[in-house]
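If you want the building blocks of each chain, they are given just below.
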Amino acid sequence: ESKIEIDIRLMAATNKNLKERVASGDFREDLFYRLNVIPIHIPPLRERKEDIPILVKGFINKFSPTTKIEVDKSLMELLINCRWPGNVRELENLIERMVILRNADLLTIEDLPHDFGEKEILKQTNESNFTQVDNFGLTDVEKKMIIEALNKSAGNKTKAAKMLKIPRHVLIYKIKKYDIIYNE
């Protein structure tokens, strides 16, 4: 049996305030002081939207180093305006998925996964101006929001999707899912 000496550096990340957690007894104080050597505060991605185009290009190069893949302007605009609750990792996973499943060397909104943006619909539902939601379930509220957006946009799906702050393909998916009939 022989001992091997090693020298390591550990980097840990969290979105929690560890000082508050230590004070409330939810985090071990000794562990906090072991980890808190050089604290680095990095704001969430939603607070540094200017980084998103750079990150997107970097992730595209990471997942497709030999093929030049471009990003459509409307897709980039949508990515910049997302809330990104999963932060950089969520963006990276999305780009990896889109690069792998792409149909062409230009990524567009149509390349987004069908479930992308569903959380935004829920957020919009919570912030909606509906005066009478008591008699509705979440599905009914979502359906009502889609119908309202389609009516306000005169059936224009692109405009309706922008109003709802969701990708167009998610809107189309929801229209089919809920069997929504509207005047085109």
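Scroll up a little and you will see the structure.
Residues numbered from 1 in each chain as written. Predicted model: local features only at pLDDT ≥ 70, side-chain atom pairs only at ≥ 80, totals over all residues. Heavy atoms only, no water.

## Here's the deal with the side chain of serine 153
Here serine 153 is to be found in the loop between α7 (138–152) and α8 (157–164). The class of serine 153 is buried, set by a relative accessible area of 6%. A distance of 3.0 Å separates a polar side-chain atom of serine 153 from the backbone oxygen of asparagine 156. (Helix = DSSP H or I, 4+ residues; strand = E, 2+ residues; numbered from the N terminus. Buried < 20%, exposed > 50% of the residue type's maximum accessible area, 1.4 Å probe, protein only. Polar contact = N/O pair within 3.5 Å; in protein donor to acceptor, adjacent residues only side chain to side chain.)

## Some remarks on helix α9 (residues 168–177)
Two residues of an α-helix separated by three or four positions point the same way, owing to the 3.6 residues in each turn. All of the buried residues along α9 are His169, Val170, Leu171, Lys174 and Ile175. Just downstream of α9, aspartate 179 is the residue with a positive phi angle, here 55°.

## Considering a nonpolar patch on the surface
A surface patch of nonpolar side chains, amounting to about 480 Å² of accessible area, comprises Val37, Ile38, Ile40 and Ile42. Looking at where isoleucine 40 falls in the secondary structure, it is placed in the loop between α2 (29–35) and α3 (52–63). Overall, isoleucine 40 belongs to the exposed group, its relative accessible area being 63%. (Patch = residues over 30% accessible without salt bridge, like charges linked within 9 Å, V, L, I, M, F, W, Y side chains within 5 Å. Areas by Shrake-Rupley, 256 points an atom, 1.4 Å probe, with all protein chains shown as cover. Salt bridge = Lys/Arg side-chain N within 4 Å of Asp/Glu carboxyl O.)

## Observations regarding the packing of α8 against α9
Remark: α8 packs on α9, axes separated minimally by 8 Å, with the N-to-C direction vectors making an angle of 100°. With respect to each other, α8 and α9 are oriented roughly perpendicular. Every residue of α9 that contacts α8 at Lys157, Thr158, Ala160, Ala161 and Leu164 is listed here: Arg168, Leu171, Ile172 and Ile175. Of the residues that constitute the contact of α8 with α9, the class distribution is six nonpolar, one polar and two charged. (Axes fitted to C-alpha atoms, helices over the stretch in contact; angles between N-to-C directions. Parallel < 35°, antiparallel > 145°, perpendicular 65-115°, else oblique. Contact = heavy atoms within 4.5 Å. Nonpolar A, V, L, I, M, F, W, Y, C, P; charged D, E, K, R; others polar.)

## Section: the packing of aromatic side chains
A full pass over the atoms with the stated rule returns two aromatic pairs. Consider the rings of phenylalanine 32 and tyrosine 33, whose centres lie 5.1 Å apart with planes at 70°: the pair is edge-to-face. Look at tryptophan 84 and phenylalanine 116: their rings are 5.9 Å apart centre to centre, the planes differ by 45°, and that puts the pair in the tilted class. A residue pair is termed long-range when its members are at least 10 positions apart, and tryptophan 84 in the loop between α4 (73–80) and α5 (87–101) and phenylalanine 116 in the loop between β2 (106–107) and α6 (118–126) qualify at 32 residues. (Phe/Tyr/Trp six-rings, centres within 6.5 Å; stacked < 30°, edge-to-face > 60°.)

## Some points on the environment of leucine 45
You can see leucine 45 is positioned in the loop between α2 and α3. Classification of leucine 45 as buried rests on a relative accessible area of 0%. In the structure, leucine 45 is positioned 43 residues away from valine 88 in sequence and 6.3 Å away in space, judged by C-alpha atoms. Filtering out sequence-adjacent residues up to four positions away, leucine 45 remains in contact with Ile52, Leu55, Trp84, Asn87, Val88 and Leu91.

## Focus: the pattern of salt bridges
Applying the stated criterion across every chain yields a total of eight salt bridges. Between lysine 68 and glutamate 70 there is a salt bridge; the shortest N-O distance is 3.4 Å. For glutamate 70, a relative accessible area of 39% gives the class partly exposed. Salt-bridge contacts for arginine 102 lead to aspartate 105; the nearest nitrogen and oxygen are separated by 3.3 Å.

## Concerning the packing of α3 against α4
At a closest axis distance of 10 Å, the pairing of α3 and α4 adopts a crossing angle of 115°. Crossing hand, α3 versus α4: right-handed. The residues of α4 that touch α3, namely those facing Ile52, Pro53 and Val56, are Met76, Leu79 and Ile80. The residue makeup of the contact of α3 with α4, split by class, is six nonpolar, no polar and no charged. (Left-handed = near helix turned anticlockwise from the far one by under 90°.)

## Quick look at α4
Considered for burial, the residues of α4 that qualify are Leu75, Met76, Leu78 and Leu79. Down the axis, α4 shows its buried residues gathered within 160° of arc, on one side only. Elements in contact with the buried residues of α4: α3, β1 (70–71), α5 and β2. (Arc of directions from axis to C-beta.)

On their own, these measurements won't tell you what the molecule is for.
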